[in-house]
Amino acid sequence: MMNRGSFLFVESNTTGTGELLMKRARVLGFETYLVTRNPARYPFLKDSVAHVIEAETRSPDELIGVAAKLRRLEGIYSSSDYFVEAASSAATAIGLPAANPGAIATCRNKWKQAAELQRQSITIPETRLGTSVRDVENILAQATLPVVVKPVSGSGSSGVRLCDSAAAAIRAFESARGALLDQVDLPSPDILIQQYIEGKEYSAEIIAYDGALHCLGILAKHKGPAPCFVEVGHDFPAPLPGPSLQELASFAAGAVSALGLKFGPAHVEFVITESGPVIIEVNPRLAGGMIPVMLSHALDTSILDMVIRLYAGEGFTPPRAGARAGAIRFQLVHKSGKLKRLGFSRKPDPTTPEAGLLKSEGEEIQINGDFRDRVAYAIGVADELNAAATAAQRMIDSIVIDIEAATGESDNKQVAGSSQARWNLHPEAMKLLAPPIDISRDGRLLRHQATIDEAHLVMLADQGLVSQAAAADLLKHILDLQDEGFQSLEGRDAPRGLYLAYEAELATRAGPEKAGWLHLARSRNDLNATISLLVLREAACSISQQIGTAQDALLQRVEEASRLVGPLYSQYQIALPGSPGHYLLGVFFALGRERQRLHCLLEDIRNCPMGAGAGGGTSMPIDPLKTANLLGFALTSFNSLDAVASRDHHLQGLSLFAGVSILLSRVAQDLQVWTTREFALIDVPHNLAGGSSMLPQKKNPFLLEHIKGSASTVIGAYVSAATATCKSPFSNSIEASNYGCSSLGLAEDALKRAITLTSLVVKFMSFNVRSMRENLEDGSQMTAVAAERMASRGIPFRNAHTLIGEIAERLSQDSCVAERRSELASQLADVLPASLEECRDALRFGGGPAKRSTDDQISVAKMLFRDTQLKCADIRERWARAEMHRKQRVQELVVKHQST
């Protein structure tokens, strides 16, 4: 290919598109150069992808000098966030295409960027600047937690942390100041404290050229576990309606325009909240994370070539809208150490056009909590997004990775200071029974584990069984783990269970000797029993709150619905005139009893198993009541065997969950029948229903089927737990403690789903007033009241019942409704109610649907609802007080130890 001149890259990404851009520039016919102050940062240079020039890239004058010496220089570009401004300044100085250096400088300084966006009324998170710990303390005194701490000029999530406490934010601030030193030798004296924005995160990839902003696409992001913000995947196009994608493209372009970026690529990150999109940051560069490569495959146009040509002055032509979808998935490193083995166990197929390794075997790696934790990537491309994502994930799932723990770190084969070394589980068994730790799955158990450790260590220190200094040091490491969201445990092998892997991490941090005190006077038996009760009471209280939401939705509709007349059914046959409000009140009271039963269960979870040990107590003079109180329990266990053997609370809780789900399923069955054309009593809005893949006229109220289906999951969870427990011995056993309790989470999720869906349907369904009256208009459903009126005049009820039954049977079904009503009225003139409302309101006794009766029921319902809400709040308040007391005691120990 003919030489098209020189192209200069100023520094580069160390992974991803940096190397690829240089290769593509050579393919396009450019003589490619890389100017860098440290060539050792780029392992790919051994492949001669570019001529290397060593120079001080932080000096504009030196860069201009390098550029001036190159023959026929056509373009200057940097794929590195940290050097886009320098590259732009050099290009501008010698008259090559470039973005305005001042606009880039504003973007690169996220504090200035936030101020400019806010000045131009672009929605951003509340943002403050901190340059000292005192600044951070002052900011946090006014901020709402959680917050995000990040360097003003960082990239790739380096130094970015989510913090839900002041202590965590201060630690993150101190860490962020040095986060960039080992990457690009740049200090970060200024740190941002931003409001954390809840919502799904997206990015917009934009090219600015010739006065226009062209959006290449909107991508959905996938993030790794908190408190870090490592991107683990991207989906294109984002699974949003077409009009929404266009609106978001305009929104992102508005932010780019507001910052004065009129040339080159921009990577815009934003979060969609309930009130609309919020800009997180605008990056004046091409996206990283292999996004351009994935887009190139999906759009069938090389994005890298497009950018190179743009900066070489050859113009820009927007790619045609592609019909294909793309996805990227990354594999993160799960522990620090030497990478012994890394590779894919399957070969790419047409749906995975690219997959690659980002680390090399033999390399020393460590968890950084940023883009450097990625060890491999896979790109999926297909006609449908789900297929593309599945292809990328399937490739990532095939990765074989083996890391040898760094010297001094536990590799979880042996718990430091313990006798567990000989218990190495067979790899096949471990794969089935002890999968690597997954914070999204195991986070709740780890949180409760740390909570119990806090209470246990405070008690041991108070009893003089462990020195206060040792307890304080261990507590500090436990607090660190909590603040980090247990991120260091992500992906770790746990051959002897979650607890021992957690203990091994503490041993690595605090030292084996000190960490060994943590397990004094306790066993995994009483520990697991306590964790299971903490999980149960949390789940039961959460379900109670969810039921409260459903009850509130019912009460909101009751008064309106009570004024209407509708059929009251018995065995699917119309029995009497009633009202939909009467039905909703019935459901309200039934749910209220279920909720009261849950509260009785929560009151009954009074005894804390801690201290029971393996089932035989302990010889150490512990104070189990103190531990119990610090965890929000009222009493200790009276019998150590009962403490570790019994799981009756779990069975009762699952039974209650099953009762609620059965009730909701029955309600969903009624509502589904009432949506049919034959009944047509209610209607469900389109956003709570679905269409048919074949029948254009059909509207499916499928959420009601999910409610009914969820009941089978909850009932199955109870049966599973009961079956596992019934054959287990009355002592600690895996059947009872594991299989007897593990189905609780499944049941909780299914029941919450059913309650939420029920609340939505109740809140937004509409009543078909005409249909509700139509089947009542012939008057036959008023004959029960007519018989009772005859009885009140001295005719024995059975005689009245027989007489009216014979009259009703003689009515001609061929005649119209009005004629049947007229005939009944003529024969029962003095006892048949004159209207449906009169008939309904006659049913005032025994809790009937009469207006007076219903008004009384509503008053009682509101009082019960208020009392139950207060009861739920009182239960939570007791636990909160215990937590505050425990945290206070922990803090006292830690502070006292730090001051000595």
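Criteria and thresholds
Residues numbered from 1 in each chain as written. Predicted model: local features only at pLDDT ≥ 70, side-chain atom pairs only at ≥ 80, totals over all residues. Heavy atoms only, no water. Helix = DSSP H or I, 4+ residues; strand = E, 2+ residues; numbered from the N terminus. Buried < 20%, exposed > 50% of the residue type's maximum accessible area, 1.4 Å probe, protein only. Phe/Tyr/Trp six-rings, centres within 6.5 Å; stacked < 30°, edge-to-face > 60°. Lys NZ or Arg CZ within 6 Å of the ring centre and 35° of its normal. Pairing = 2+ DSSP bridges. Axes fitted to C-alpha atoms, helices over the stretch in contact; angles between N-to-C directions. Core = buried A, V, L, I, M, F, W, Y, C linked by side-chain atoms within 4.5 Å. Contact = heavy atoms within 4.5 Å. Patch = residues over 30% accessible without salt bridge, like charges linked within 9 Å, V, L, I, M, F, W, Y side chains within 5 Å. Areas by Shrake-Rupley, 256 points an atom, 1.4 Å probe, with all protein chains shown as cover. Salt bridge = Lys/Arg side-chain N within 4 Å of Asp/Glu carboxyl O. Polar contact = N/O pair within 3.5 Å; in protein donor to acceptor, adjacent residues only side chain to side chain. 1 Å grid on protein atoms, 1.4 Å probe; cavity = no way out; pocket = protein on both sides within 12 Å on 5 of 7 lines; lining within 4 Å. Points joined across faces, edges and corners; volume = space filled by probe spheres on them. Nonpolar A, V, L, I, M, F, W, Y, C, P; charged D, E, K, R; others polar. Parallel < 35°, antiparallel > 145°, perpendicular 65-115°, else oblique. Left-handed = near helix turned anticlockwise from the far one by under 90°. Disulfide = S-S within 2.5 Å. pLDDT = per-residue confidence, 0-100.

**Describing the environment of V831**
Thinking step 1. Within the element layout of this structure, V831 appears in the loop between α29 (817–827) and α30 (836–842).
Thinking step 2. A relative accessible area of 3% means that V831 is categorised as buried.
Thinking step 3. On a C-alpha basis, the gap between V831 and P39 in space is 102 Å, while along the polypeptide they are 792 residues apart.

**Overview of the packing of aromatic side chains**
Thinking step 1. In total, this model carries 13 aromatic pairs according to the counting rule given.
Thinking step 2. Arranged with centres 5.0 Å apart and planes meeting at 40°, the rings of F7 and F9 form a pair that is tilted. For the pair shown, F7 and F9 are each scored as buried.
Thinking step 3. Through a chain of ring-to-ring contacts, three or more aromatic side chains come together here, namely Y569, Y583, W674 and F679.
Thinking step 4. Residue placement shows R374 over the ring face of F330; its charged tip is 4.1 Å from the ring centre.

**Some words on the sheet that holds strand β4 (residues 73–77)**
Thinking step 1. Taken together, the four strands give an open sheet; going across it, the order is β3-β2-β1-β4, and neighbouring strands pair in parallel fashion. Lying at the two open borders of the sheet, with one neighbouring strand each, are β3 (51–54) and β4. The sheet shows a mean angle of 25° between the axes of neighbouring strands, direction not considered.
Thinking step 2. Of the strand pairs in this sheet, strand β1 (residues 6–10) and strand β2 (residues 31–36) are connected by five bridges, and their pairing is parallel. Bridging from a neighbouring strand, S6 pairs with E31 of β2.

**A short note on the sheet that holds strand β9 (residues 200–209)**
Hydrogen bonds between backbone atoms are what pair the strands of a sheet, whose relative direction is either parallel or antiparallel.
Thinking step 1. Within the open sheet, the eight strands sit side by side as β13-β12-β9-β10-β11-β14-β18-β16. Their pairing is antiparallel. Pairing within the sheet leaves two strands with one partner each, and these edge strands are β13 (276–283) and β16 (354–357). Averaged over all neighbouring strand pairs, the angle between strand axes comes to 20°, with direction disregarded.
Thinking step 2. Here nine bridges tie β9 to strand β12 (residues 264–273), and the two strands are oriented antiparallel to one another. Within the sheet, the bridge partner assigned to E201 lies in β12 and is V271.

**Side note on the nonpolar core**
Thinking step 1. Among the nonpolar cores identified, the biggest contains 113 residues, and Y502, L591 and F657 are the most heavily contacted of them.
Thinking step 2. Among the elements that take part in this core, helix α18 (residues 524–562) stands out by supplying 17 residues, more than any other.
Thinking step 3. Setting aside residues up to four positions removed in sequence, L591 forms contacts with I547, A550, Q551, L554, V660, L663 and L664.

**Section: a nonpolar patch on the surface**
Thinking step 1. Taken together, the side chains of L432, L433, I734 and Y739 present a nonpolar region at the surface, about 500 Å² in accessible area.
Thinking step 2. For I734, the location among the structural elements is in helix α24 (residues 734–739).
Thinking step 3. By relative accessible area, which is 58% here, I734 ends up exposed.

**Some thoughts on the side chain of N368**
Thinking step 1. Looking at the element boundaries, N368 is found in the loop between β17 (364–365) and β18 (374–382).
Thinking step 2. A distance of 3.2 Å separates a polar side-chain atom of N368 from the backbone oxygen of Q366.
Thinking step 3. Beyond its immediate chain neighbours, meaning those up to four positions away, N368 contacts R161 and D373.

**Structural notes on empty space enclosed by the protein**
Thinking step 1. As enumerated under the stated definition, the model contains eight cavities of 30 Å³ or more in all.
Thinking step 2. Size it by volume and the largest cavity reaches roughly 130 Å³.
Thinking step 3. If you go around the largest cavity, you meet 17 residues; those closest to its centre are Y77, V84, I104, P284 and Y311.
Thinking step 4. Of all elements in the fold, only β4 and α3 (84–93) reach the threshold of two or more residues within the lining of the largest cavity.
Thinking step 5. If you tally residues by element for the lining of the largest cavity, the top one is α3, at four residues.
Thinking step 6. Tallied by class, residues from the lining of the largest cavity come to 14 nonpolar, two polar and one charged.

**Some details on the packing of α18 against helix α22 (residues 648–674)**
Thinking step 1. Packing of α18 against α22 leaves a shortest axis separation of 10 Å and a crossing angle of 20°. In terms of their interaxial angle, α18 and α22 are classed as roughly parallel. Note on packing geometry: the crossing formed by α18 with α22 is left-handed. Contact residues: α18 offers S532, L533, L536, A539, A540, I543 and I547, while α22 offers H649, H650, G653, F657 and V660.
Thinking step 2. Residue composition of the contact of α18 with α22, by class: eight nonpolar, four polar and no charged.

**Here's the deal with helix α10 (residues 291–299)**
Thinking step 1. Summarising burial for α10: eight of the nine residues are buried, a large majority.
Thinking step 2. Every buried residue of α10 is accounted for by I291, P292, V293, M294, L295, S296, A298 and L299.
Thinking step 3. Of the residues trailing α10, D300 is marked for its positive phi of about 60°.

**Quick word on the pattern of salt bridges**
Two side chains with opposite charge may pair up if their charged atoms get near one another.
Thinking step 1. Applying the stated criterion to the full structure yields 52 salt bridges.
Thinking step 2. Taking the shortest distance from any N to any O, the salt bridge between K699 and D683 comes out at 3.1 Å. On the criterion of sequence distance, the pair formed by K699 in strand β26 (residues 699–700) and D683 in strand β24 (residues 682–683) is long-range, its members being 16 residues apart.
Thinking step 3. On the basis of relative accessible area, D683 is assigned to the partly exposed category, the value being 35%.

**Quick word on the packing of helix α19 (residues 580–604) against helix α31 (residues 851–898)**
Thinking step 1. Direction vectors running N to C along α19 and α31 enclose 25°, while the axes themselves pass 10 Å from each other. Here α19 is positioned roughly parallel relative to α31, judged by the angle of their axes. As for the relative orientation of α19 and α31, their crossing is left-handed in sense.
Thinking step 2. Broken down by class, the residue content of the contact of α19 with α31 amounts to twelve nonpolar, seven polar and four charged.

**Some thoughts on the state of the cysteines**
Thinking step 1. Counted according to the given criterion, the structure contains zero disulfides.
Thinking step 2. Between C215, a cysteine without a disulfide, and C107, which holds the nearest cysteine sulfur, the sulfur-to-sulfur distance is 16 Å.
Thinking step 3. The thiol of C608 is not disulfide-bonded; the next cysteine sulfur, from C741, is found 15 Å away.

**Quick notes on the confidence of the model for the protein chain**
Thinking step 1. Across the protein chain, the average pLDDT comes to 89, with 95% of residues at or above 70.
Thinking step 2. The lowest-confidence element of the protein chain is helix α8 (residues 181–184), averaging 56 in pLDDT; the highest-confidence one is α19, averaging 97.
Thinking step 3. Taken together, the stretch residues 407–423 has pLDDT below 50 and engages in 27 contacts with residues farther than four places along the chain or on a different chain.

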